Amino acid sequence: NMITSNVVDLKKGQESKSWMVEYSIGLNHELYCIAFPQRLAGLPFKDLVQILYLKEDVLLIGVNNKVPGYTNYELYDILINPYDYLIRDGDHALLIATDDIQARSIERIDFEIDRMKYLGRDAPPHDMLRNIKPPKPIGILPSETLEKSYYTMWRDD
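My aim in this report is to walk through the structure given alongside it, one point at a time.

A word on the overall build of the protein chain
Logical step 1: Each helix and strand in the protein chain was counted, giving 5 helices and 4 strands.
Logical step 2: N-terminal to C-terminal, the α/β element order of the protein chain is α-β-α-β-β-β-α-α-α.
Logical step 3: Counted over contacts in the protein chain with a minimum sequence separation of 6, partners at least 24 positions apart contribute 71%.
Logical step 4: Carbon and sulfur atoms make up 54% of the accessible area of the protein chain, which totals about 10,300 Å².

This is the structure in structure tokens:
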């Protein structure tokens, strides 16, 4: 898992296997680079992070933007977690999602409606993340089938 670890072992002696469950869950997620819709230009990155996570279970981790002023070639910056950044026209979102359909949920964001619904009317948007509770540890041990199938996948890569 690229972001955090919540594994809790149910039995002693299983330390070497517990990471496999969390890793197998992380295998369902991929990194996507999707263009921000033009209507989101000028909006705060920090607000879009929260809306996407709360509404679509998508993690917006950064922005890929074209550096202006180059004519012979294109130069891009990759900004990871640019907290106070305002989205610009032509920027691309760096997202962690389960599939392309989920990643493209950024195209369905209606900022004004979603901001009220997911961030609240009275609370400043960046304060809402403080109220999100981390997921509870799953506490599941991998089965022999899971171990063998993922071992096979790693061996063949």
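Okay, back to it.
A closer look at the sheet that holds strand β1 (residues 30-35)
Within a sheet, each strand pairs with its neighbour through backbone hydrogen bonds, oriented either parallel or antiparallel.
Logical step 1: Read from one edge of the open sheet, 4 strands run β1-β4-β2-β3, paired in antiparallel fashion. Two strands lie at the open edges of the sheet, namely β1 and β3 (76-80), each paired on one side alone. Neighbour-to-neighbour, the strand axes of the sheet open up by a mean angle of 25°, direction not taken into account.
Logical step 2: Pairing of strand β2 (residues 59-66) with strand β4 (residues 92-97) involves 5 bridges; the strand directions are antiparallel. Paired with Gly62 across the bridge in β4 is Leu94.
Logical step 3: Where helix α2 (residues 45-56) meets the sheet, its contacts fall on β2 and β4, and the angle it forms with β2 comes to roughly 140°.

With respect to the pattern of salt bridges
Logical step 1: Under the criterion given, the structure shown has 5 salt bridges.
Logical step 2: Here Arg104 ties to Glu107 by a salt bridge, and the two come within 2.8 Å at their closest N and O atoms.
Logical step 3: For Arg104, a relative accessible area of 33% puts it in the partly exposed group.
Logical step 4: Classification of Glu107 as partly exposed rests on a relative accessible area of 35%.
Logical step 5: What you see here is one network of salt bridges that share partners, running through Asp100, Arg104 and Glu107.

Side note on the packing of α2 against helix α4 (residues 111-119)
Logical step 1: At their nearest, the axes of α2 and α4 sit 10 Å apart, and the two run at 70° to each other. With respect to α4, the axis of α2 lies roughly perpendicular. As for the relative orientation of α2 and α4, their crossing is left-handed in sense. Packed against α2, whose contacting residues are Asp47, Leu48, Gln50, Ile51, Leu54 and Lys55, the element α4 presents Phe111, Asp114, Arg115, Tyr118 and Leu119 at the interface.
Logical step 2: Considering only residue class, the contact of α2 with α4 consists of 6 nonpolar, 1 polar and 4 charged.

Thoughts on the side chain of Asp114
Logical step 1: Within the secondary structure layout, Asp114 lies in helix α4.
Logical step 2: Since its relative accessible area comes to 4%, Asp114 is described here as buried.
Logical step 3: With residues up to four places along the chain from it excluded, the contact list for Asp114 reads Ile51, Lys55, Arg108, Ile109 and Leu119.

Some words on the environment of His92
Logical step 1: For His92, the position within the fold is in strand β4.
Logical step 2: Relative accessible area serves as the criterion here: at 26%, His92 is assigned to the partly exposed category.
Logical step 3: A distance of 3.3 Å separates a polar side-chain atom of His92 from the backbone oxygen of Gly90.

Reading the values: rules and limits
Residues numbered from 1 in each chain as written. Predicted model: local features only at pLDDT ≥ 70, side-chain atom pairs only at ≥ 80, totals over all residues. Heavy atoms only, no water. Helix = DSSP H or I, 4+ residues; strand = E, 2+ residues; numbered from the N terminus. Contact = heavy atoms within 4.5 Å. Areas by Shrake-Rupley, 256 points an atom, 1.4 Å probe, with all protein chains shown as cover. Pairing = 2+ DSSP bridges. Axes fitted to C-alpha atoms, helices over the stretch in contact; angles between N-to-C directions. Salt bridge = Lys/Arg side-chain N within 4 Å of Asp/Glu carboxyl O. Buried < 20%, exposed > 50% of the residue type's maximum accessible area, 1.4 Å probe, protein only. Parallel < 35°, antiparallel > 145°, perpendicular 65-115°, else oblique. Left-handed = near helix turned anticlockwise from the far one by under 90°. Nonpolar A, V, L, I, M, F, W, Y, C, P; charged D, E, K, R; others polar. Polar contact = N/O pair within 3.5 Å; in protein donor to acceptor, adjacent residues only side chain to side chain.

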